[in-house]
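Report on the structure
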Amino acid sequence: DAGVIQSPRHEVTEMGQEVTLRCKPISGHNSLFWYRQTMMRGLELLIYFNNNVPIDDSGMPEDRFSAKMPNASFSTLKIQPSEPRDSAVYFCASSWTDYNEQFFGPGTRLTVL
Amino acid sequence: EDQVTQSPEALRLQEGESSSLNCSYTVSGLRGLFWYRQDPGKGPEFLFTLYSAGEEKEKERLKATLTKKESFLHITAPKPEDSATYLCAVNAGGTSYGKLTFGQGTILTVHP
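1. Quick notes on the overall build of chain B
Secondary structure summary: chain B contains zero helices and 11 strands in total. Ordering the α and β elements of chain B from the N terminus gives β-β-β-β-β-β-β-β-β-β-β. Relative to the 2.2 N^0.38 estimate, which gives 13 Å for 112 residues, the radius of gyration of chain B is 14 Å and therefore close to what a compact globule would have. Intrachain contacts of chain B at a sequence separation of at least 6 include 55% that bridge at least 24 residues. Put simply, chain B shows about 5600 Å² of open surface, and 48% of that area lies on carbon and sulfur atoms. Distance between charge centres in chain B, computed from 12 positive and 14 negative side chains, equals 4 Å.

2. Comments concerning the interface of chain A and chain B
With 22 residues of chain A at the interface, the matching set in chain B holds 20 residues. Summing both sides of the interface, chain A and chain B together bury roughly 1500 Å²; the carbon and sulfur share of this comes to 50%. Broken down residue by residue, the surface that chain A buries against chain B is led by Leu 43, Tyr 99 and Glu 101 of chain A, which jointly contribute 30%. Between chain A and chain B we count zero salt bridges in total. At the junction of chain A with chain B, the criterion picks out three residue pairs in polar contact (both at pLDDT 80 or more). For the side of chain A that touches chain B, the secondary-structure elements that each account for two or more residues are strand 4 (31-38), strand 5 (42-50) and strand 10 (103-104) of chain A.

Calculation notes
Residues numbered from 1 in each chain as written. Chains lettered and ligands numbered in written order. Predicted model: local features only at pLDDT ≥ 70, side-chain atom pairs only at ≥ 80, totals over all residues. Heavy atoms only, no water. Helix = DSSP H or I, 4+ residues; strand = E, 2+ residues; numbered from the N terminus. Rg over C-alpha atoms; globule rule 2.2 N^0.38 Å. Contact = heavy atoms within 4.5 Å. Areas by Shrake-Rupley, 256 points an atom, 1.4 Å probe, with all protein chains shown as cover. Lys, Arg positive; Asp, Glu negative; His and termini not counted. Charge placed at Lys NZ, Arg CZ, Asp CG, Glu CD. Buried area = accessible area lost by both parts, 1.4 Å probe. Salt bridge = Lys/Arg side-chain N within 4 Å of Asp/Glu carboxyl O. Polar contact = N/O pair within 3.5 Å; in protein donor to acceptor, adjacent residues only side chain to side chain.

Structure, rendered in structure tokens:
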């Protein structure tokens, strides 16, 4: 049983470049979540989807961040343009419903130079 | 605003030395409290969900309990492989049913 799949696992880019992070949730899960983890702020929810529809994007830091979920098995988080302060580990998680336990992927470590 | 505070920030134990981690929370209405374990370089791994005061869950050497203001993660006779960061999170419902608010975590180190 494959868990949540994220790609790439590591991304190094230069300031101003576009970055796209990808996530495949666990099959059958109806809710998908994007988190960001830093030493200073810990684990923070950016946005989550129910049945492919964005429900709460209040954690998205600014307009440079956008997320899509075109179907039940795929989601993207895009940063354009990227800035050094975006450097963090980004996690995707999924769950059966939005109040059940969430299962996390391995994360994407993003470094913006 | 929902708040989750974990203590201590770091805990060092000898193998076999039992102890407890604390998670204090302030929420308008608790829908669920979750415990996760996170190893370096990996995503959080789900351990337990607790829904109401008085509830307890156990798994191997770990036992989670819940009151109206806090949760404890009891570790009995820990082993070095229990070393990890333990995260607590709450789902307070309201207008954002899916939002989990995480604590900063407790870094547990178990020495052989």
